Each structure stands twice: as C-alpha cells, then as structure tokens.
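# Fold and contact review
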Amino acid sequence: MIKIYGMNTCPDCTYVEAQIKDNPNYEIIDIGQHVRYLKEFLKLRDKEPVFNGPKKVGAAGIPCFVLEDGTVTLVPEEAGLKSRPIESGKACNLDGSGC
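To keep things clear, this report deals only with the structure shown in the data block. (Residues numbered from 1 in each chain as written. Predicted model: local features only at pLDDT ≥ 70, side-chain atom pairs only at ≥ 80, totals over all residues. Heavy atoms only, no water.)

## Regarding the packing of aromatic side chains
Cut-off, in case you're wondering: Pairs were defined over the aromatic rings of Phe, Tyr and Trp, the Trp ring being its six-membered one, requiring ring centres within 6.5 Å. Orientation was assigned from the angle between planes: stacked under 30 degrees, edge-to-face over 60, tilted for the rest. Strands are runs of DSSP state E lasting at least 2 residues, helices are runs of H or I lasting at least 4, and numbering of each runs from the N terminus.
Counted according to the given criterion, the structure contains two aromatic pairs. Between Y5 and F41, the ring centres sit 6.0 Å apart and the planes meet at 40°, which makes this aromatic pair tilted. One end of the pair, Y5, is in strand β1 (residues 2–6); the other, F41, is in helix α2 (residues 35–47), and 36 residues separate them in sequence. Every member of this aromatic cluster is reached through a ring pair, and the members are Y5, F41 and F51.

In structure tokens form, the structure reads like this:
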C-alpha cells in the first residue's frame, strides 16, 4: 500500500486524492486531522533528503508519497498518479505564494 501524506486544504493533495478514491492500494493520511499524523510526517520530513528542496523554497512538501518499498517521493507519477496541471495555479508555499 502507498501512503500519501497531505492536507484537505492543499490543492495538490486534493487533486491526488480524487484520483485514488475507493482504491485500496493507497492510504491518505491527512496531517491536519490529528497531531499524531503531523508528527509522523514531520519525522519523515526531518530525515528524508527529498524534502531539502521544498524546505529551501518554503514549501511544506505535500503531497508526500511513501511507496511500498519505503521510498519517499514528492512526485505523484512515481506513485502511479498524475500531478496537478501547472495552469491550475501554484502550490501552497509558506512564504504566501500560491494558494
């Protein structure tokens, strides 16, 4: 099963979530739903190098995908999904750009 960390207020996350509706091969973990999920995500974010780029530009790094082999990626295509089209608008960044 592929785990997807995200939030229901993130347009990239909701775009991904719509693609996996009723698909038992994916598990959505909404990090805004409970502090336990946020801590789980932050533990990943603190140790995985894939988050270095997003952290530099003030991005949260969601949606985040943990593949069945434990690989952590921020690329939906690597999890068998599609990225939200760029023309749909920028993703949410901590500096206030996007969203």
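## Topic: the environment of I28
One can find I28 in strand β2 (residues 26–30). Expressed as a C-alpha distance, the spacing of I28 and Y5, which sit 23 residues apart in the sequence, is 6.2 Å.

## Describing the sheet that holds β2
For the record, the criterion: A pair of strands is labelled paired if DSSP reports no fewer than 2 bridges between them.
An order of β2-β1-β3-β4 is seen for the four strands of this open sheet, with the pairing classed as mixed. The outermost strands of the open sheet, each flanked by one partner alone, are β2 and β4 (72–73). Across five bridges, β1 lies against β2 in parallel orientation. Considered in β2, the bridge of I4 is made with I28.

## Some thoughts on the side chain of T73
Put simply, the rule is: Here a polar contact is recorded for every N or O atom pair within 3.5 Å, except that within protein the pair must consist of a potential hydrogen donor and a potential acceptor, and residues adjacent in sequence are included only if both atoms are side-chain atoms. Here a residue-residue contact requires only that any non-hydrogen atoms of the pair lie within 4.5 Å.
Among the structural elements, T73 can be located in strand β4. Within the local environment of T73, its side chain forms a polar contact with the backbone nitrogen of V75, the two atoms lying 3.1 Å apart. With residues up to four places along the chain from it excluded, the contact list for T73 reads V50, C64, F65, L67 and E78.

## A few points about the pattern of salt bridges
To keep it simple, the criterion reads: Criterion for a salt bridge: a side-chain nitrogen of Lys or Arg within 4 Å of a carboxyl oxygen of Asp or Glu. Relative accessibility under 20% of the residue-type maximum defines a buried residue, over 50% an exposed one, and the middle range a partly exposed one, all with a 1.4 Å probe and only protein chains included.
Using the criterion set out here, one finds one salt bridge in the structure. Note that R84 is salt-bridged to D12, the shortest N-O span being 2.5 Å. Pair noted here: R84 is in the segment after β4 and D12 is in helix α1 (residues 11–19), with a separation of 72 residues, a long-range link. The class for R84 is buried, based on a relative accessible area of 15%. Overall, D12 belongs to the buried group, its relative accessible area being 17%.

## Things to note about unusual backbone geometry
Note that the residue after I62, namely P63, is joined by a cis bond; omega there is 0°. Locating P63 in the fold gives a position in the loop between α3 (52–56) and β3 (64–66).

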